[in-house]
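Listed below, chain by chain, are the residues.
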Amino acid sequence: MSDLLQADRIAGLPHPCETEHLFGHDAACAQVLEAFNGDRMHHAWMLTGPKGIGKASLAYHIARFLLATEPPGDSLFGTPPLTTSLFVPADHPVASRIRAGSEPGLCILRRPLDDKTSKLKTVIPVDTVRELRRFFSLSAGGNGRRVVIVDCTDEMNANAANALLKVLEEPPQDAVLLLVTHQPSRILPTIRSRCRTLACTPLSPEDLQHAFAQALPEQTFDPGLTALVAGSVGQAAKLSITGGADTYGAIVSLCHGLPQLDRSALLKLANSTGRASDGKLEQLLDLLDLFLARLARAGVSPPVQEAARGEAEVFARLCPGPAAARIWADAQLELSQRAWQGKTANLDPSSLILDMGLKIEETASKILREKGLS
């Protein structure tokens, strides 16, 4: 697969079309196989679930299977046995062509590059969806099927969504559309009503480790990632590549000293963000938000697993009960709004982090000062 910037690929990771083995989505695969074996293959499937759990990889597995497998039905040798797996070997011609981006039976809709800026566009424009006209006008090869993957459907603008709706209203024969979405509520109800939903769930800890090992075979899986990523292998891999687990550990370590923060450690954390455009600030803000959310929940239900060494001790001291949990939840909401406003106004990243650190210090002082909050 090309190393060019692609909207459906996480930097440093294999493209979803290169995923050979699928983990954690047996129930979804079973639904597709049941429809295929019963000759009731719906023309449009909406793959739903949190971001990073493998929905795009599942879409490519379905696409490979549909393009490489003959339709069910009687033959000269009688009724063939039911197909029991979506697996297509990596050396199959269809799989090879998909990895090379040269499979004529597959069309991918995703955010394109902007010719003027050489950056990815923020939405899938209508012109991208209109490419389906040309795709469907071509003669179908292979087994006669054509497959479209939209990754992700949430990113279509209004005109693009309406153009896709027209295709769904009058789908071409032997065409299957696979719509990946992280937030189905953002999709037009008229689009949702014409799709069969394929609900994908977060990966179990075991499946998460297997999927991580496949994506990053040379990296060791940090057990703390399981608590941080909520079953998202994409998020686990991204945090591993960018040192996110270490950053979260630094946040926990910093909060060990509350209600008095180590000013030099806070300044070091603030200065680690670099430029606002390199993604480090965004990651740090996300991890701070996650820390505060886990801290607030700990006052009601302590986490089963630590995301960093010493986290349980910090949570027990700073959030001893439901009253403290409410205060931290309010602080999380306020700091989340500050972060959004700071990014919108292009505030200095270091100043923004320092300001948020002082708010955390103020909240911890209030809780530890008022004994009745336990």
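One can find the structure itself at the top, above this paragraph.
All figures in this text were calculated on a predicted structure; none of them were measured in a lab.

(A) Molecular detail of helix H7 (residues 205-215). Of the residues making up H7, those classed as buried are Leu 208, Ala 211 and Phe 212. Projected down its long axis, H7 carries its buried residues within an arc of 105°, all on one side. On the buried face of H7, the contacting elements are helix H8 (224-229) and helix H9 (233-242).

(B) Spatial organisation of the environment of Gly 38. Inspection of the secondary structure puts Gly 38 in the loop between helix H1 (26-37) and strand S1 (44-48). On the basis of relative accessibility, which here comes to 31%, the residue Gly 38 falls in the partly exposed class. Considering only alpha carbons, one finds Gly 38 and Pro 72, 34 residues apart in sequence, at a separation of 7.9 Å.

(C) Region of interest: the side chain of Arg 145. The residue Arg 145 is located in the loop between helix H4 (126-137) and strand S3 (146-151) in this model. Summary of buried charges: Arg 145 has no salt-bridge partner, and the nearest side chain of opposite charge, Asp 174, is 5.9 Å away. A distance of 2.7 Å separates a polar atom in the side chain of Arg 145 from the backbone oxygen of Leu 66. If near-sequence neighbours (up to four positions away) are discounted, Arg 145 is found in contact with Phe 36, Leu 66, Leu 67, Thr 69, Pro 71, Pro 72, Gly 105 and Asp 174.

(D) Geometry of the pattern of salt bridges. One pass over the full model with this rule turns up 13 salt bridges. When the shortest N-O distance is used, the salt bridge between Asp 127 and Arg 130 registers 3.6 Å. Taken together, the positions of Asp 127 and Arg 130, both in helix H4 and 3 residues apart, correspond to about one turn of that helix. With relative accessibility at 41%, the residue Arg 130 sits in the partly exposed group. The salt bridge partner of Arg 194 is Glu 169, with a shortest N-O separation of 3.8 Å.

(E) How the structure looks around the packing of aromatic side chains. This structure, assessed with the given rule, holds 5 aromatic pairs. Centroid distance Phe 135 to Phe 136: 5.2 Å. Interplanar angle 55°. Geometry classified as tilted. Residue Phe 135 is classed as buried on the basis of its relative accessible area, which comes to 5%. You can call Phe 136 buried: its relative accessible area is 15%.

(F) Representation of the nonpolar core within the structure. Counting residues in each nonpolar core, the largest one holds 55 residues, and the members touching the most others are Phe 212, Tyr 248, Phe 291, Leu 295 and Trp 328. Top contributing element to this core by residue count: helix H12 (residues 280-298), with 10 residues. Aside from chain neighbours lying at most four places away, what touches Leu 295 is Phe 315, Leu 318, Cys 319 and Trp 328. Core analysis: the second largest hydrophobic core is formed by 32 residues, Ala 63, Val 88, Val 94 and Cys 200 among them.

(G) Looking closely at the packing of H4 against helix H5 (residues 158-169). Relative to each other, H4 and H5 sit at 25°, their axes nearing to 7 Å. Compared by their axis directions, H4 and H5 come out roughly parallel. Across the interface between the two elements, Val 126, Val 129, Leu 132 and Phe 136 from H4 touch Asn 159, Ala 160, Ala 163, Leu 164 and Val 167 from H5. Here the contact of H4 with H5 is built from residues that sort into 8 nonpolar, 1 polar and no charged.

(H) Structural context of the sheet that holds strand S5 (residues 196-199). Reading across the sheet, the 5 strands line up as S2-S3-S4-S1-S5 and stay open at both edges, with parallel pairing between neighbours. Both outer strands of the open sheet, strand S2 (106-109) and S5, are each paired with one neighbouring strand and no more. Here the average twist between neighbouring strands, direction ignored, is 20°. When S1 meets strand S4 (residues 175-181), the two strands line up parallel, connected through 5 bridges. When the bridges of S4 are listed, Met 46 appears paired with Leu 179.

(I) Quick peek at the environment of Leu 67. Assignment of secondary structure puts Leu 67 in helix H2 (residues 55-68). Taking C-alpha positions, Leu 67 is 10.0 Å from Val 88, a pair spaced 21 residues apart along the chain. Beyond its immediate chain neighbours, meaning those up to four positions away, Leu 67 contacts Val 94, Ile 98, Glu 103, Gly 105, Leu 106, Asn 143, Arg 145, Arg 146 and Val 147.

(J) Focus on the pairing of S4. Most of S4 is tucked away: 7 of the 7 residues are buried. Neither face of S4 is open: one carries Ala 175, Leu 177, Leu 179 and Thr 181, the other Val 176, Leu 178 and Val 180, and all of them are buried. Note: S3 against S4, 6 bridges, orientation parallel. Paired with Val 150 across the two strands is Leu 179, which belongs to S4. With H5 bridging S3 and the parallel S4, this β-α-β connection has right-handed handedness.

What counts, and at which threshold
Residues numbered from 1 in each chain as written. Predicted model: local features only at pLDDT ≥ 70, side-chain atom pairs only at ≥ 80, totals over all residues. Heavy atoms only, no water. Buried < 20%, exposed > 50% of the residue type's maximum accessible area, 1.4 Å probe, protein only. Helix = DSSP H or I, 4+ residues; strand = E, 2+ residues; numbered from the N terminus. Arc of directions from axis to C-beta. Contact = heavy atoms within 4.5 Å. Lys, Arg positive; Asp, Glu negative; His and termini not counted. Salt bridge = Lys/Arg side-chain N within 4 Å of Asp/Glu carboxyl O. Polar contact = N/O pair within 3.5 Å; in protein donor to acceptor, adjacent residues only side chain to side chain. Phe/Tyr/Trp six-rings, centres within 6.5 Å; stacked < 30°, edge-to-face > 60°. Core = buried A, V, L, I, M, F, W, Y, C linked by side-chain atoms within 4.5 Å. Axes fitted to C-alpha atoms, helices over the stretch in contact; angles between N-to-C directions. Parallel < 35°, antiparallel > 145°, perpendicular 65-115°, else oblique. Nonpolar A, V, L, I, M, F, W, Y, C, P; charged D, E, K, R; others polar. Pairing = 2+ DSSP bridges. Right-handed = clockwise from strand over helix to strand, strands pointing away.

Distances and angles like these do not, on their own, reveal function.
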